[in-house]
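Structural overview for review
If you want the building blocks of each chain, they are given just below.
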Amino acid sequence: MRRTRASLLASLAVATAALAPIAAIATLALGADVAFDIRSLGILTHTVLLAGLSVAGAVLLGVPLAVLTTYADLPLRRLWVAALAAPLAIPSYIGAFAYFAAFGPGGELDRLIGLPSPRIEGLAGSALIMSLYTYPFVLLSTRAALQSLDGSVVDAARTLGLSLPAALWHVVLPRARNGIAAGALLVALYALSDFATPAIMGLDTFTRMIYVEYNAFGLDRAAMMSLQLLALVVIVLWLEARVRVRRERFGRRVHLPLSTGARRLALAVAAAVVMATVVVPLAVFGLWLAREGAIGFEASFAFNSAYAAGLAAAVTLVVAVPVAHAATTGGLGRLCERITYLGFGVPGIVMGTALVYIGLRLPLLYQTLALLVLAYVLRFLPLAVGAVRASSDRVEDSMVGAARSLGAGPAEAFRRVSLPLILPGVIAAAALVFLEAMRELPATLLLRPTGFDTLATYLWRVYDAGQLGRGAVPALALVAISAAALAIMLAGESRRRRLTPL
Amino acid sequence: MLETRRLTVRYGRTTAVDALDLALADDEIVTLVGPTGCGKTSVLRAVAGLLPPSDGEIRLGALRIDARHDVPPEKRGVGLVFQDFALFPHLNVADNVAFRLRDRGPAEHWIERLGLAAHRQAMPDTLSGGQKQRVALARALAHAPALMLLDEPLASLDAALKAELRWEIRDVLKAAGTPALWVTHDQTEALSVGDRMGVMHTGRLEQIDTPDVCFRLPATRFVARFLGDAAFVPGRLEADRLVTAIGHAPAPRDCTGERVDVLVRPDDLSLQPAAGGDGGNGHVAWARYEGETRLYGIGLDHGETLRVRTNHEHDYARGMRVAARICAGHPLAAFPPGD
C-alpha cells in the first residue's frame, strides 16, 4: 500500500515535469510580436510538403519491397529484409550529410571521377533523404500486416476470377492498409520533428527556423513556431491513435511466383535501395577517413556523449519504474503515464527551446549538464516506461501468489520471481535510452554547456564550418551506435512475440 | 483442517462471498462449484491469503484469520494450483518444483510420480497444457502443504485430457493424504472428484453434501437445475409417497406440505409406446442419439415437455404416442409449489 502511494507521488511529479516544457513554450509564445505572417505560411507549406512527400516516397519504396520480401521467393530473403531495414540504424542527418557532400558541383563524385551531378538540396533533396531513411518504418509495419494475412483469401479471389496482381490489389492491400498507415504516420512524425535533414538541405521548415530564431535571440518567436509545429504533431498523433492495427491469426503464407526476369528486376531494385541508403554514406565516410583520418576529433566528444547519455539512461530508469508501477494501480496513475508519453511527440528542437527558457528562469539549471539530461529523460522516458511495462506484464499476479503460497515472503517473491522476469526488459530499456540520447542532435545543440561537445554536435560543427571531411569518425561512430540500438529493439520485439501466445 | 465461519469477502460495494460456513476434514476433498461470478474463487483466494476477508473467520489448523488478524500466504502452509498454472517462466521444471526446497528429494518424488522425469530440464513454455498442470501440481505437493487449493485446475485443458487428469489429481491427493478444496465451474468434474461438494450461488453456499445427495436431493431449485437436466412436475404428498399425474415415488424423509413440485430428471422416467388400453400421455417431440443412450423430448398432453433418457435400443419415431412414467425407486426431491 505504502509502495503504491510512493510510486503514485513519483509518477505525479514526473507528469508535472513532462507538462512543464509545453507550458513553457505556451507562456513564451505569448510574448511573440507576430503569431502568423506570410513568412510563417511559407514555413508551414515547406514543413507540410516535406512530410507529405516523405510519406509518399516511403510508401512507394516500402510497400512494394514489403510485398516482395514477404511473398516472393527471393534468394537469401532474411538477409534482404535485414539489409532493407538497416537504414533505420542510420540517423537521417548522417545520410543528409553524406549526400550533401557527395553530389553537386565540387562534391566527392565530381572530385573523384569528374562525374557532374545535380546538387541534392532543398525540398526535393530533403524529401529524397527523408524517404530513403524512413521507408523501413513502412516496410516493417506492412510486412507485419502482410505476414498475418491468410493466403487462402488470395486463392479464393483467384478461383473467383481475379489475376494474381489484381488479387493483391483488391484483396491483400486493403487489409494491409492499416499497417501501411501506421508506418506512414511514423514517417510523418519523423519528418515533422527532424531538425538536421532540412537544415543541411537548406529547406526552411519549422525545425530549421526555430533554430535560426533561437540563434538570433528571438526565443519568443522560436516558441511561437514550436507551438505551430506541435499543432501539426498533434494532428499526426491523433490520426495515429485512430489507426487500429488488426492482428489476424497467422495463416498460410501467400505465394508470389516470379519469373526469372521479374526476380532479377526485384533484386536489382532492392540492391539499388541498399546501395543508396547504406553503401553511399559508408563509402563517403570511408573515403574521408582514408583521406583525413581523425584530424580534429577528440576522444572527449565520445566520452561526453556516453557520459550524458549514461546519466540520462540511469535517471530514466529510476523514474520509469514508479511511473510504470503507478500505471497499473488505477486511473490517476494511468493518466500520469499517458502524460509522460507527450515527450515522445515533442520534437527535440522544441524540447530544447522550452528547456532553454526554463533554464533562463531557473539560473541554477542554466548551462548545466542537468538540463541536457532532463531533456533526454523527458524525450525518451516513454521508451523506458513502455519496455518496463511490457516486461512487468510477464509477471502475472498468480506467479507471485504461487511463490507466496510455496512459502516465500514478499521480498523473496520479488527477488526470485518478479525481478528475474523484468530485468531483461529493464536493461534493454536503459540501453535503448542510452543509444537514443547518444544520437540526439537538436536538443543537445541548444542545451549543451559551453565547451561540451558530443559526437552529434561535433558533426554539426564540422558541417557548419564546411570541414566535411572531419566528420568521418563521429559519423561512423553514430552509425555503429544506432545499429546497436536497432539490434536491441528488434531482439526485444522477437522476445515479446515468442512469449505472447496466439 | 479448514473451517470458515461466516466468511465474507467484499469488493467495494459488491459482496462476492456472503457469510460462508464451510468445514473440511483432515483428508477430505471438497469441490466448490457454481456458475461464473458466484464467489467460489474468492473463497479460495481468501483461504490462500491472496484476498483479505472483510468479515468472518478462517481457521486453518491452529491459525485464526479474520479481517484484523491477517496471516501472509507464505505462513499458511497451503498449496495453490492455478487455472493458468503460474509456472515461473525463467525456471526449468525441476527448479520450479523444488522452488523453496533445500532437500530436493520430495521434488524428485513428485516429478517421478507425475510422469515428468523426461522433462526435468524443460522450460515451462515448451510444455503442453497437461504437462504444465502436472508440474504445477508437483510443485505444490513437493512443498508438503497442509491443505491444497485448486482453482479451476482443468479449465484450460481439452476435454480428453480433462477426464484423464481429473482422476490422476484425485489419486495423487489421496495418496499424499492432503485435504483439498477444489474450485470448478464444471458440474461433472465437481460430482466426480469430490468426497463432498458445495454448490455456490451469488456468494452463498446453497448446499454442501455428498455428490450423490446433492444430485438426487438438491436443497434448492437452483442446485437442482445447476447439476443436471431438471423438470418440476406438480404433485401431492400422500403418507410417504409423492403422487403425480405421471406416477409416484418415495418421498424424502423431511418432506412437508400437501401440494409439492417434484423434481424429475431424465433418468427418473421410463418410456413405453402407447398400446392397447394405455393411450399414453404424450408424444415424442424430438429425439437425440447420444451413443450409449437416447434423450427424448416428450410433449405431455397437458402442455409441458419432459426430457427422458432411455437405453439406446429404444428407437421411437418423432410424433409417436408414448407413455412417460416415473420409474425411480429412490426418493425424489420435492419443493413447495411455485417458489
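In this text, all values refer to a predicted model and were calculated from it rather than measured experimentally.

1. As for the overall build of chain A
Of regular secondary structure, chain A possesses 22 helices and 0 strands. Taken over C-alpha atoms, the radius of gyration comes to 24 Å for chain A, in line with the 23 Å a tight globule of 502 residues would show. Principal axes of the C-alpha set define a box for chain A whose edges measure 70 × 60 × 45 Å. Here chain A holds 502 residues, and 48% of them are scored as buried. Long-range pairs, those at least 24 residues apart, make up 81% of the contacts in chain A with a sequence separation of at least 6.

2. Digging into the nonpolar core
Counting 257 residues, the largest nonpolar core has F97, A384, A429 and V433 of chain A together with L181 of chain B as its most contacted members. The leading source of residues in this core is helix α17 (residues 369–392) of chain A, at 16 residues. Not counting the four nearest positions on each side in its chain, V433 of chain A is found in contact with A312, A313, T316, F380, L383 and A384 of chain A.

3. Overview of the UniProt feature "domain: ABC transmembrane type-1" (unreviewed entry) in chain A
Per the UniProt entry, the sites bearing "domain: ABC transmembrane type-1" (unreviewed entry) are residues 44–240 and 302–491 of chain A in this numbering. Counted over residues 44–240 of chain A, helix gives 79% and strand 0%. Its end C-alpha atoms are 21 Å apart.

4. A closer look at helix α11 (residues 219–242) of chain A
Along an α-helix, residues three or four apart share an orientation, since each turn contains 3.6 residues. Over its 24 residues, α11 of chain A extends 34 Å from the first C-alpha to the last, a length consistent with the 34 Å expected when each residue adds 1.5 Å. Of all the residues in α11 of chain A, the buried ones are R221, A222, A223, M224, M225, S226, L229, L230, V233 and V236 of chain A.

5. Brief notes about the interface of chain A and chain B
Every contact between the two is made by 15 residues of chain A and, on the other side, 17 residues of chain B. At the level of elements, α18 (397–405) and α19 (410–439) of chain A are the ones that each hand at least two residues to the side of chain A that touches chain B. Top element by residues in the side of chain A that touches chain B is α18 of chain A. It accounts for 6 residues. For the side of chain A that touches chain B, the class distribution of residues is 7 nonpolar, 5 polar and 3 charged.

6. Digging into the packing of helix α2 (residues 38–71) of chain A against helix α8 (residues 164–193) of chain A
All names here are of chain A. As a packed pair, α2 and α8 sit with axes 9 Å apart at the nearest point and diverge in direction by 140°. Judged on the interaxial angle alone, α8 and α2 are oblique. When the axes of α2 and α8 are compared, the crossing they make is right-handed. Residue-level contacts link T47, L50, A51, S54, V55, A58, V59, G62, V63 and V67 of α2 to L168, I180, G183, A184, V187, A188, A191 and L192 of α8. Residues that form the contact of α2 with α8 fall into these classes: 14 nonpolar, 4 polar and no charged.

7. Examining the sheet that holds strand β13 (residues 247–250) of chain B
Residue and element names in this part refer to chain B. Judged by pairing direction, the sheet is antiparallel, and its 5 strands sit side by side in the order β13-β12-β11-β14-β20 without closing on themselves. Either end of the sheet is taken by a strand with one partner, and the two such strands are β13 and β20 (334–335). Sheet topology note: the strand β12 (residues 241–244)/β13 ladder contains 4 bridges and is antiparallel. What sits directly across from R241, in β13, is P250.

Reading the values: rules and limits
- Residues numbered from 1 in each chain as written.
- Chains lettered and ligands numbered in written order.
- Predicted model: local features only at pLDDT ≥ 70, side-chain atom pairs only at ≥ 80, totals over all residues.
- Helix = DSSP H or I, 4+ residues; strand = E, 2+ residues; numbered from the N terminus.
- Rg over C-alpha atoms; globule rule 2.2 N^0.38 Å.
- Buried ≥ 20, exposed ≤ 12 C-beta atoms within 10 Å, placed from the backbone.
- Contact = placed C-beta atoms within 7 Å.
- Core = buried A, V, L, I, M, F, W, Y, C linked by C-beta atoms within 7 Å.
- UniProt positions renumbered as here; feature names shortened; annotations may be inferred.
- Expected span 1.5 Å × (residues − 1).
- Nonpolar A, V, L, I, M, F, W, Y, C, P; charged D, E, K, R; others polar.
- Axes fitted to C-alpha atoms, helices over the stretch in contact; angles between N-to-C directions.
- Parallel < 35°, antiparallel > 145°, perpendicular 65-115°, else oblique.
- Left-handed = near helix turned anticlockwise from the far one by under 90°.
- Pairing = 2+ DSSP bridges.

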